[in-house]
Every structure is written in C-alpha cells, then in structure tokens.
Amino acid sequence: MTEFLHVVLSFPTVVFTFLLVVVAGYWFIVITGLFDFEDGEAPWLGLGGVPAGIALSLLIAFAWLLTLVGSQVAPGIALPAVPILALLGAWLGTRALLRPLRRLFPDARRPSRGDFVGQMCVIRTGQATADFGQAEVTAPDGSSAVVQVRTTGQDRLARGDNALIFEYDANGEFFWVMPYESEH
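Here the structure is a predicted model, which is why all the values come from computation and not from measurement.

(A) Looking closely at the packing of helix H3 (residues 52–73) against helix H4 (residues 82–101). Look at H3 against H4: their axes get within 7 Å of each other, and the N-to-C directions meet at 140 degrees. As the angle between them shows, H3 and H4 are arranged oblique. Judged by the twist between their axes, the crossing of H3 over H4 is right-handed. Of H4, the residues touching H3 (which contributes Ile-54, Ala-55, Leu-58, Leu-59, Phe-62, Ala-63, Leu-66, Thr-67, Gly-70 and Ser-71) are Val-82, Pro-83, Ala-86, Leu-87, Gly-89, Ala-90, Trp-91, Gly-93, Thr-94, Leu-97, Leu-98 and Leu-101.

This is the structure:
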C-alpha cells in the first residue's frame, strides 16, 4: 500500500491524482443530490453528446490510469512525456466509450404538456365548463391529442368552438381555456 501511495503521489501520476479526487468529490455530491447531474454538454474535442460531468470524469479517470501504468513502464528520461501520452490515450478511450453512451442522452427535448400552452384547440365534448370538457389540440409536429380542458368564470364553450389554451394545471392535469374568435 505504501508503494502504491508513493506512485500515486509522485510525478507523473500526481498530475491527474488531484483531478481524480475532484471527480470523486463531484460524483459524491451528485449521488447525494446536492448538485444537479444535467450540467450541459462538453462539445469540445469530440466529447459532446453526453453531460460534461460524464465526459470529463471518464477523461480524467482514463488519464490517471494510463499515467499510473506509464509511470511504471516508462524509463526515467521518458517520464515527462507520460502525462501527455496518457492524456492523448485517455481522449481516444473516452471518445470510444462515449459513442454508445450518446444513445442514452438524445438531443431532442421531449415534448411536454406545457408545449400546448398558447395553442388553439377545438372543443370536442358537448360543452366545456369550469368542471368538465375535452378539446382537440394539434401539436407543432402535426400530431393531435384530445386533452382535458376547463373554462374560467361563466364561460361555456360548445362542441366545435375554438378556444385558446392559456395555462396548464399540473395538479388537476387539465388545461385552462378561453373562447377564441378568429378574424376572417
């Protein structure tokens, strides 16, 4: 154990040992929930498509491991080149490992019910009131959905009336609508 600590805390491995401790601390904070995992992408140097925390963690872990191995096999005069070669090898390894991981982090934002706010809808039930109603709304991608709607105050909408969705009530899982007259 003493020899391992000596190798880890001596040049060239110590260059990445500190960074590996930082990565371990980062993941401890993420796992305990004190920090948000969705920290954006790392599009630089071909490491994009996954959160930056994952890309950097893999890069640093690979660099540390390769430096550890390189410090044991490289002759004394070649030790200064070990961190540079380890970083290059870590970059190649990280890129190779991120390729299949990118499928777990799709680029497109998932649609949500909030996307319907501000859209026009057509009442599909006999009427829509403050207590009951359904309407058909068309999403920007052309698909349509039948959603639960409610009106405010004394508004009553009949089947076929146009309405404007102005808010989503997550607790009740319905949309607030108001009458909408199109100008033709």
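The discussion continues.
(B) Just the pattern of salt bridges, in detail. In this structure the tally under the stated criterion is one salt bridge. Of the charged contacts, one joins Arg-124 and Glu-136 as a salt bridge, the two residues approaching to 2.9 Å between their closest N and O atoms. Highlighted residues: Arg-124 in the loop between strand E1 (120–123) and strand E2 (127–128) and Glu-136 in strand E3 (residues 134–138), separated in sequence by twelve residues. The partly exposed category is assigned to Glu-136, whose relative accessible area is 27%.

(C) A look at the sheet that holds E3. Within the closed barrel, the five strands sit side by side as E1-E3-E4-E7-E6. Their pairing is mixed. Direction aside, neighbouring strands of the sheet carry axes that sit 50 degrees apart on average. Bridging between E1 and strand E6 (residues 162–169) involves three bridges; their strand directions are antiparallel. Of the residues in E6, the one forming a bridge with Cys-121 is Ala-163.

Cut-offs and rules
- Residues numbered from 1 in each chain as written.
- Predicted model: local features only at pLDDT ≥ 70, side-chain atom pairs only at ≥ 80, totals over all residues.
- Heavy atoms only, no water.
- Axes fitted to C-alpha atoms, helices over the stretch in contact; angles between N-to-C directions.
- Helix = DSSP H or I, 4+ residues; strand = E, 2+ residues; numbered from the N terminus.
- Parallel < 35°, antiparallel > 145°, perpendicular 65-115°, else oblique.
- Left-handed = near helix turned anticlockwise from the far one by under 90°.
- Contact = heavy atoms within 4.5 Å.
- Salt bridge = Lys/Arg side-chain N within 4 Å of Asp/Glu carboxyl O.
- Buried < 20%, exposed > 50% of the residue type's maximum accessible area, 1.4 Å probe, protein only.
- Pairing = 2+ DSSP bridges.

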